[in-house]
Amino acid sequence: MKLTPLLLLTLSMAALSAPLNAQRIKGSDTVLPIAQQTAERFMALDPGARVTVTGGGSGVGISALLDGTTDIAMASRAIKFGEQMKAKAAGEDLAEAIVAYDALAVVVHPSNPVSRLTRAQLEGIFRGKITNWREVGGEDRRIVVYSRETSSGTYEFFKESVLRNKNYMAGSLSMPATGAIIQSVSQTKGAIGYVGLAYVSPRIKTLAVSYDGRDFAQPTLENAVSKAYPIVRPLYYYYNAKDSAAVAPLMRFILSPEGQDIIRRSGYVPVR
């Protein structure tokens, strides 16, 4: 197609009027709330910036980064070896930044009398070895296990930290998002699931957890910061190293005292 002088002028003006700092962020539903809140504040401080944030899961975000449909992937797990190899094969050098930490809360229906579980008991439940609540001091009721889908970083981290990389039970019910787990657990008396601390609400009940069988701790911000609560994980941003200059202003803000204060007030653990 031949470009006329008028069309060339129009394209040039459009380019000049486009935001100089446009960023697309995609990935983890766990990271989504703080990504949205920090992006909104960043744009308020810099009217020339445009940041769009969408969820879908850690694996979805990293895939989008690798195929060039997002600028930043947010993830609630570290990048996998296979993903690193795919990036290397494409000649891409990915940069990693920890932007916050998150406690993963184990949740049940509010009517459940069980108030605490050990890591070994959780492993038994999520692997299908423990199938009735009476086996862990509760009522005679079948346990209904809810989990995240396999593309979720939360799924991966829970499997690594709580199940010691053993497989989930075949009969667990996979949910596409954290909100779906909260809704399902809140409506099912025998249910158990896991969600990021920031998503905890009165609709569900959190359990105290112990990895050593002695010291139990509730999933609270204070216990996550002090490391009294054991199920805590880093939250990541990944981006192409060649785009470092473009993403630097946003990254500086997220890691600044103001950005980290937003993260703390949102129920996450600040890096600093």
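So, how was this worked out
Every chain's residues receive numbers from 1 upward, in the order its sequence appears when written. With pLDDT at 70 or above as the cut-off, local features in this predicted model cover only qualifying residues; side-chain atom pairs require 80 or more to be listed or tallied, and sums for whole chains, interfaces and linings still use all residues. As a rule here, side-chain values come from all non-hydrogen atoms in the structure, and water together with hydrogens is ignored. Residue-level confidence of the predictor is summarised by pLDDT, bounded by 0 at the bottom and 100 at the top. In what follows, residue pairs with any heavy atoms lying within 4.5 Å of each other are defined as contacts. Each helix is a run of DSSP H or I of at least 4 residues and each strand a run of E of at least 2, with the numbering of both proceeding from the N terminus. Relative accessible area decides the class of each residue, using a 1.4 Å probe on protein chains only: under 20% of the type maximum gives buried, over 50% gives exposed, and in between gives partly exposed. Any N or O atom pair separated by 3.5 Å or less is treated as a polar contact, with the protein-specific requirement of one donor-capable and one acceptor-capable atom, and with residues adjacent in sequence counted only for side-chain atom pairs. Should a side-chain nitrogen of Lys or Arg be within 4 Å of a carboxyl oxygen of Asp or Glu, the pair is scored as a salt bridge. Whether two strands pair depends on DSSP finding at least two bridges between them. The handedness of a crossover follows from its direction of travel: if, with the strands pointing away from the viewer, the path from the first strand over the helix to the second runs clockwise, the crossover is right-handed. Arc definition: directions from the helix axis to the C-beta atoms. Convention adopted: a line fitted to C-alpha atoms gives each axis, helices being fitted over their contacting stretch, and angles between N-to-C directions are expressed from 0 to 180 degrees. The scheme is simple: roughly parallel for angles under 35 degrees, roughly antiparallel for over 145, roughly perpendicular for 65 to 115, oblique for anything else. By the definition used in this description, the sense in which the near helix is turned from the far one sets the handedness, with an anticlockwise turn below a right angle giving left-handed and a clockwise turn giving right-handed. Polar here means any residue other than Ala, Val, Leu, Ile, Met, Phe, Trp, Tyr, Cys and Pro, which are nonpolar, and Asp, Glu, Lys and Arg, which are charged; Gly is therefore polar. Here the aromatic set is Phe, Tyr and Trp, taking the six-membered ring for Trp, and pairing holds for ring centres within 6.5 Å; pairs whose planes are under 30 degrees apart are stacked, those over 60 apart are edge-to-face, and all others are tilted. Placement of a charge over a ring requires the Lys NZ or Arg CZ to be within 6 Å of the ring centre, with the centre-to-atom vector within 35 degrees of the ring normal.

Participant: Can you walk me through the confidence of the model for the protein in this structure?
Facilitator: Detailed conclusions should not be drawn from predicted coordinates in areas where pLDDT is low. Residues at a pLDDT of 70 or more form 92% of the protein, whose mean pLDDT is 91. Considering only residues more than four positions removed or in separate chains, one finds that residues 1-19, a stretch of pLDDT under 50, has 4 contacts.

Participant: Is there a simple way to think about the side chain of threonine 70 in this case?
Facilitator: Relative to the elements of secondary structure, threonine 70 occurs in the loop between helix 3 (58-66) and strand 3 (72-75). Residue class for threonine 70 comes out buried when judged on its relative accessible area of 5%. Among the polar contacts made by the side chain of threonine 70, one reaches the main-chain carbonyl oxygen of arginine 24 at a distance of 2.9 Å. Those residues in contact with threonine 70, other than ones at most four positions away along the chain, are Arg24, Ile25, Lys26, Gly61, Ala64 and Leu65.

Participant: Would you mind going over the pattern of salt bridges with me for this structure?
Facilitator: Once the charged atoms of two side chains with opposite charge are near each other, the side chains can pair. Tallied over the entire structure, the rule returns 14 salt bridges. Here glutamate 83 makes a salt bridge to arginine 77, at a shortest N to O gap of 2.8 Å. Neither residue differs from the other here; glutamate 83 and arginine 77 are each classed as buried. It is possible to trace a salt-bridge network through shared partners that takes in Asp29, Arg148 and Glu149.

Participant: Teacher, can you tell me more about the environment of phenylalanine 253 here?
Facilitator: Structurally, phenylalanine 253 is set in helix 9 (residues 244-254). Put simply, phenylalanine 253 and lysine 159 are 94 residues apart on the chain and 32 Å apart in space, counted from C-alpha to C-alpha. Leave out the neighbours within four places in its chain, and phenylalanine 253 touches Thr38, Arg41, Phe42, Leu45, Glu258, Gly259 and Ile262.

Participant: Looking at this model, I keep getting lost on the pairing of strand 6 (residues 144-148). Mind explaining?
Facilitator: Consecutive residues of a regular strand have side chains that alternate between opposite faces of the sheet. In terms of burial, strand 6 is largely enclosed, as 5 of its 5 residues are buried. Taking every second residue as pointing to the same face, both faces of strand 6 are buried, with Val144, Tyr146 and Arg148 on one and Val145 and Ser147 on the other. In this structure, strand 6 lies alongside strand 8 (residues 191-196), joined through 2 bridges in parallel fashion. Directly across from valine 145, in strand 8, lies its bridge partner isoleucine 192. Sheet topology places strand 6 next to strand 7 (residues 173-175); 3 bridges connect them, and they run parallel. From the neighbouring strand, serine 147 faces strand 7, where its bridge partner is serine 174. The parallel pair strand 6 and strand 7 is bridged by helix 6 (residues 153-161), and the resulting crossover is right-handed.

Participant: Got a minute to help me understand helix 10 (residues 257-265) in this structure?
Facilitator: Every α-helix carries 3.6 residues per turn, so stepping three or four residues along brings you back to the same face. Inspection of helix 10 places Gly259, Gln260, Ile262 and Ile263 among the buried residues, and these make up the whole buried set. An end-on view of helix 10 places all buried positions within 150° of arc, on one side of the element. Seen from the open side of helix 10, the exposed residues pointing more than 90 degrees away from its buried face are Pro257 and Arg265. Those residues of helix 10 that are buried are in contact with helix 2 (32-45), strand 4 (94-108), helix 9 and strand 12 (269-270). Looking at the residues trailing helix 10, positive phi occurs at glycine 267, about 95°.

Participant: Teacher, can you tell me more about the packing of helix 2 against helix 9 here?
Facilitator: Contact pair helix 2 / helix 9: the axes reach a minimum separation of 10 Å and the direction vectors enclose 115°. By the angle between their directions, the pair helix 2 and helix 9 is classed as roughly perpendicular. Crossing angle aside, the handedness with which helix 2 passes helix 9 is right-handed. The segment helix 2 lies against helix 9, with Thr38, Arg41, Phe42 and Leu45 engaging Pro249, Leu250, Phe253 and Ile254. Of the residues belonging to the contact of helix 2 with helix 9, the class tally is 6 nonpolar, 1 polar and 1 charged.

Participant: Teacher, can you tell me more about the packing of aromatic side chains here?
Facilitator: Ring pairs (aromatic) are described by centroid distance and by the angle formed between their planes. Under the counting rule described, the total for this entry stands at 8 aromatic pairs. Their ring planes at 55° and their centres at 5.8 Å tell us that phenylalanine 126 and tyrosine 194 sit as a pair that is tilted. Separated by 68 residues along the polypeptide, phenylalanine 126 in helix 5 (residues 119-126) and tyrosine 194 in strand 8 bring together distant segments of the chain. Comparing phenylalanine 126 with tyrosine 194 shows no difference in burial state: the two are buried. An aromatic cluster is defined as three or more aromatic residues linked by ring pairs; in this entry it consists of Phe126, Tyr155, Phe158, Tyr168 and Tyr194. The side chain of arginine 116 reaches across the aromatic face of phenylalanine 216, ending 4.1 Å from its centre.

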